[in-house]
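So you can see what is in the structure, the chains are spelled out below.
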Amino acid sequence: MTKKDVKKIECEEAIRMLLEYLDNELDEHNHDSVEDHLHACRACYTRMEFESRLKNVVKEKAQEKAPIDLRNRIKKISEQF
Amino acid sequence: MMHLTMEQMNDNSAVSPTLNREHFVKQIEAHLDQLYGSALRLTRNSSDAEDLVADTVTKAWICIDSLQDLDRFKPWLLRIMTNHFISERRKASNRAIHESYVEESESDDEPFSLFERLHQPFLLWWSNPEQEFLNQLLKEDIETALNDLAEQFRVVVILADMEGLSYQEISEVLDLPVGTVRSRLSRGRSALQKALWQHAQEPKNSPSGE
């Protein structure tokens, strides 16, 4: 898609699509429109950065280590396969 | 918890087209932390989470032939785990899981944005509130906020934000239209942000009471 094909969007529309943009779930057309807007709008870019960091923090802090008892239990189960 | 006979266990002695026993066990070991993490967020209880993981591994071995593509091992495993979780919850509550959910139209889910709360002129003048907020988030804050989500939203948020599944993959795992996944994820994240915000307003040194 060339630059001139990218549809211009306003902040409201960019923000509405922001999380799907970060999830890589927009079609190419909308993805490019949001990206184009983010390059031109500092406020929306700041918001995108915040949402992206928050997503990473949630992912990172929600992780767990499997307890050793569970590892042993799974090992025992697997021996029966 | 599942109880399988040795016959059921050994029934699957045939090697899968994609994975033999040794590779299966290695894959399980590699995914065990993630599997347990998601199980803990789903069940909100470590003992139930361990049972859920153990049942999932057994079930996965029994239906190993349904794994067509090794690259899809993780979503395949999560599908087994999530379906097992939902079916056990149905049995426990003796009614369909969908009925136990808060009705979508009734839930208190006005879109909520942490960014908008934090990005206010008087706060900006004072410091960098967004970064401060993120820096102060603790594991416990995230756990509490996730645990407080209604189940229909929690499941979708876990699959998307912890496991990194695509909307299409989540739709397959939960047997829901992609549009429903999209909507639940949006509302789930909004509720998560609201819970994080509310939790941040509480005095930090007060006992949790749990």
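Note that this is a predicted model, so its numbers are computed, not measured.

Let's shift gears to the overall build of chain A. Across its full length, chain A holds five helices and zero strands. Secondary structure of chain A in N-to-C order comes out as α-α-α-α-α. A compact globule built from 81 residues would reach a C-alpha radius of gyration of about 12 Å, whereas chain A, at 21 Å, exceeds it by more than 25%. If one aligns the C-alpha atoms of chain A with their principal axes, the spans along those axes are about 60 × 25 × 15 Å.

Another aspect to go through is the overall build of chain B. Summing up its helical and strand segments, chain B has twelve helices and zero strands in all. Counting across all 210 residues of chain B, residues that qualify as buried make up 31%. For chain B, the share of sequence-separated contacts (at least 6 apart) that also reach a separation of at least 24 residues comes to 69%.

We now examine the interface of chain B and chain A. Chain B puts 31 residues into the contact, and the matching count from chain A is 26 residues. Residue assignment for the side of chain B that touches chain A shows that the elements contributing at least two residues are α1 (6-10), α2 (21-43), α3 (46-62), α6 (114-118), α8 (129-136), α9 (139-148), α10 (151-162) and α12 (178-201) of chain B. For the side of chain B that touches chain A, the element with the most residues is α2(B), which contributes nine residues. When the residues that make up the side of chain B that touches chain A are grouped by side-chain class, the tally is 20 nonpolar, three polar and eight charged.

Before going further, it helps to examine the packing of helix α5 (residues 68-79) of chain A against α3(B). Remark: α5(A) packs on α3(B), axes separated minimally by 10 Å, with the N-to-C direction vectors making an angle of 25°. Judged by the inter-axis angle, α5(A) sits roughly parallel to α3(B). Crossing angle aside, the handedness with which α5(A) passes α3(B) is right-handed. Along its contact with α5(A), which presents L70(A), R73(A), I74(A) and I77(A), the element α3(B) presents E50(B), V53(B), A54(B), V57(B) and T58(B). Its residues assigned to classes, the contact of α5(A) with α3(B) comprises six nonpolar, one polar and two charged.

Our focus in this paragraph is the confidence of the model for chain B. Residue and element names in this part refer to chain B. Residues with a pLDDT of 70 or more make up 78% of chain B, whose mean pLDDT is 83. By mean pLDDT, the top-scoring element of chain B is α3 (96), and the lowest-scoring one is helix α5 (residues 97-100) (45). Every residue in residues 96-106 is under pLDDT 50, and counting partners more than four places away or in other chains gives eleven contacts. For the stretch residues 206-210, pLDDT sits under 50, and the model shows zero contacts to residues farther than four places along the chain or on other chains. For this predicted complex, the interface confidence comes out at an ipTM of 0.88, alongside a pTM of 0.83.

With 24 residues, α12(B) should cover 34 Å at 1.5 Å per step; its first-to-last C-alpha distance of 35 Å lies within 8% of that length. The complete set of buried residues in α12(B) reads V181(B), R184(B), L185(B), R187(B), G188(B), R189(B), A191(B), L192(B), Q193(B), K194(B) and L196(B). Looking at the buried positions of α12(B), the neighbouring elements they touch are α2 (18-22) of chain A together with α6, α9, α10 and α11 (167-174) of chain B.

This part takes up the domain arrangement of chain B. Residues and elements named next belong to chain B. You can read the domains of chain B as domain 1 (6-100) and domain 2 (114-201). Every contact between the two is made by ten residues of domain 1 and, on the other side, 13 residues of domain 2. Of all the secondary-structure elements, those providing two or more residues to the side of domain 1 that touches domain 2 are α2 and α4 (73-93). The dominant element in the side of domain 1 that touches domain 2, judged by the number of residues it contributes, is α2, at five residues.

Here we take up the packing of α9(B) against α12(B). Residues and elements named next belong to chain B. The N-to-C vectors of α9 and α12 enclose an angle of 130°; their axes lie 9 Å apart at closest approach. Our classification of the angle between α9 and α12 gives oblique. Crossing of α9 over α12 shows right-handed handedness. Across from D141, T144, A145, L146 and D148 in α9, the residues of α12 making contact are L192, A195, L196 and H199. Here the contact of α9 with α12 is built from residues that sort into five nonpolar, two polar and two charged.

Reading guide: rules and limits
- Residues numbered from 1 in each chain as written.
- Chains lettered and ligands numbered in written order.
- Predicted model: local features only at pLDDT ≥ 70, side-chain atom pairs only at ≥ 80, totals over all residues.
- Helix = DSSP H or I, 4+ residues; strand = E, 2+ residues; numbered from the N terminus.
- Rg over C-alpha atoms; globule rule 2.2 N^0.38 Å.
- Buried ≥ 20, exposed ≤ 12 C-beta atoms within 10 Å, placed from the backbone.
- Contact = placed C-beta atoms within 7 Å.
- Nonpolar A, V, L, I, M, F, W, Y, C, P; charged D, E, K, R; others polar.
- Axes fitted to C-alpha atoms, helices over the stretch in contact; angles between N-to-C directions.
- Parallel < 35°, antiparallel > 145°, perpendicular 65-115°, else oblique.
- Left-handed = near helix turned anticlockwise from the far one by under 90°.
- pLDDT = per-residue confidence, 0-100.
- Expected span 1.5 Å × (residues − 1).
- Domains from an automatic or database assignment.

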